[in-house]
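The lines below spell out each chain.
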Amino acid sequence: MLSSQFIAGTIFVAFVGACVTGLTWISSTLIEVDKNVAVMAMKMDANNEKVSQLHDMIRPMWEEFTGRTYDGNLAQINSSTDLKTTIK
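Asks: Looking at this model, I keep getting lost on the overall build of the protein chain. Mind explaining?
Replies: Secondary structure summary: the protein chain contains three helices and zero strands in total. Its helices and strands taken in sequence order, the protein chain reads α-α-α from the N to the C terminus. Taken over 88 residues, the protein chain has a buried fraction of 1%. Carbon together with sulfur atoms contributes 68% to the accessible area of the protein chain, which is approximately 8300 Å² in total.

Asks: What should I look at first to understand the confidence of the model for the protein chain in this one?
Replies: Regions with low pLDDT carry predicted coordinates that are not meant to be interpreted in detail. Of all residues in the protein chain, 77% have pLDDT values of 70 or greater, and the mean over the chain is 83. Within the protein chain, no element has a lower average pLDDT than helix α3 (residues 83-86), which sits at 51, and none a higher one than helix α1 (residues 4-66), at 92.

Asks: Teacher, can you tell me more about the packing of aromatic side chains here?
Replies: The way to describe two aromatic rings as a pair is by their centre distance and the angle between their planes. With the rule as written, the count across this model stands at one aromatic pair. Taken together, a centroid distance of 5.7 Å and an interplanar angle of 40° make the contact between tryptophan 62 and phenylalanine 65 tilted. Within this pair, tryptophan 62 and its partner phenylalanine 65 are both found in helix α1, separated by three residues, close to a single helical turn. Classification of phenylalanine 65 by relative accessible area gives exposed; the value is 66%.

Asks: Please clarify how α1 should be interpreted in this entry.
Replies: Between its first and last C-alpha, α1 extends 88 Å over 63 residues, near the 93 Å set by a 1.5 Å rise per residue. The sharpest bend along α1 comes to roughly 30°, located at isoleucine 58, with the proline proline 60 sitting one to four residues further on. Positioned one or two residues after α1, glycine 67 has a phi angle of 75°, which is positive.

Asks: Mind showing me how you'd approach a nonpolar patch on the surface here?
Replies: Taken together, Leu54, Met57, Ile58, Met61, Trp62 and Phe65 make up a surface patch of nonpolar side chains, about 690 Å² in accessible area. Considering the arrangement of structural elements, one finds methionine 57 in helix α1.

Asks: I keep staring at the side chain of glutamate 63 and nothing clicks. Help me out?
Replies: Within the fold, glutamate 63 resides in helix α1. Here arginine 59 takes part through its side chain, which lies 2.9 Å from a polar atom of the side chain of glutamate 63.

Analysis parameters
Residues numbered from 1 in each chain as written. Predicted model: local features only at pLDDT ≥ 70, side-chain atom pairs only at ≥ 80, totals over all residues. Heavy atoms only, no water. Helix = DSSP H or I, 4+ residues; strand = E, 2+ residues; numbered from the N terminus. Buried < 20%, exposed > 50% of the residue type's maximum accessible area, 1.4 Å probe, protein only. Areas by Shrake-Rupley, 256 points an atom, 1.4 Å probe, with all protein chains shown as cover. pLDDT = per-residue confidence, 0-100. Phe/Tyr/Trp six-rings, centres within 6.5 Å; stacked < 30°, edge-to-face > 60°. Expected span 1.5 Å × (residues − 1). Bend = angle between axes of the 7 residues up to and from the residue. Patch = residues over 30% accessible without salt bridge, like charges linked within 9 Å, V, L, I, M, F, W, Y side chains within 5 Å. Salt bridge = Lys/Arg side-chain N within 4 Å of Asp/Glu carboxyl O. Polar contact = N/O pair within 3.5 Å; in protein donor to acceptor, adjacent residues only side chain to side chain.

The structure is reproduced here in structure tokens:
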């Protein structure tokens, strides 16, 4: 019949085959995820560039509409709400 060496050898070969299959699946999945991440990074860079261009285009129109110019310092916009002068 079947010897114990044959059964042990068959189990070992099946185990090694399962390990190789698992490692192959993991590596192919990681490569696919890496490609997807690279594609998304390129799309985000393109979108960031478009948003920056739109901001540069809309900013003059907004400043003309509101009559204010912004230098990025929000404290100057709300200078009338100084806590030291309002709370006594």
